[in-house]
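Architecture at a glance
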Amino acid sequence: MDLEPLDPGDDDELFFLIEALHNDGGDAPGSDGDLAAISEPASPRLHVTMHQIVARQILASDPPQTWQTVQRLAGLGYDWHAIMHMIAGLVAEDVHAAMAEHRQPDPEGYARRLARLPADWPAPGDGPGQGDSGHYR
């Protein structure tokens, strides 16, 4: 499938691009393959949406620390999927705090947490897979 004509600036097309990147043998959001490592029920749509949020931050350079973190983690040898999950994990923490604790976003705190990545993630090539789909915390 030729993904080149798709516009990552369009939310629907970005969602489709991310789905297509996951559609490589059991990792498709429409399948349960990418959820096999998750101990709790998860939504494939939410999985792709979390990737989409991180992609939006990167494309908009907002905050700029997101792209800087991507480059730093890639330089350490992490693949794009693991990097997306690391950053999406932070986003998920913020969304949870906003919903459960009625906390306002803390951009400076988010930037500090980005700087601490990879935190407790396994080194590239270690563990059950650096693109572990269930590693949102």
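Model, not experiment: these values are computed from the prediction. (Residues numbered from 1 in each chain as written. Predicted model: local features only at pLDDT ≥ 70, side-chain atom pairs only at ≥ 80, totals over all residues. Heavy atoms only, no water.)

1. Considering the overall build of the chain
Helix and strand counts for the chain stand at five helices and zero strands. Tracing the chain from N to C terminus, the helices and strands come up as α-α-α-α-α. Every one of the 137 residues in the chain was classed for burial, and the buried ones make up 36%. Taking all contacts inside the chain whose residues are at least 6 apart in sequence as the whole, residues at least 24 apart take part in 64%. (Helix = DSSP H or I, 4+ residues; strand = E, 2+ residues; numbered from the N terminus. Buried < 20%, exposed > 50% of the residue type's maximum accessible area, 1.4 Å probe, protein only. Contact = heavy atoms within 4.5 Å.)

2. Section: the environment of His85
Relative to the elements of secondary structure, His85 occurs in helix H4 (residues 80–101). Put simply, His85 and Met50 are 35 residues apart on the chain and 8.2 Å apart in space, counted from C-alpha to C-alpha.

3. Structural notes on unusual backbone geometry
The amide bond that connects Asp62 to the next residue, Pro63, takes the cis arrangement and shows omega of 0°. Counting through the fold element by element, Pro63 comes out in the loop between helix H2 (44–60) and helix H3 (64–75). Here the amide bond leading from Leu117 into Pro118 is cis, since omega sits at 20°, within 30 degrees of zero. Locating Pro118 in the fold gives a position in the segment after helix H5 (107–116). Phi is positive for His102, which is not a glycine, with a value near 55°.

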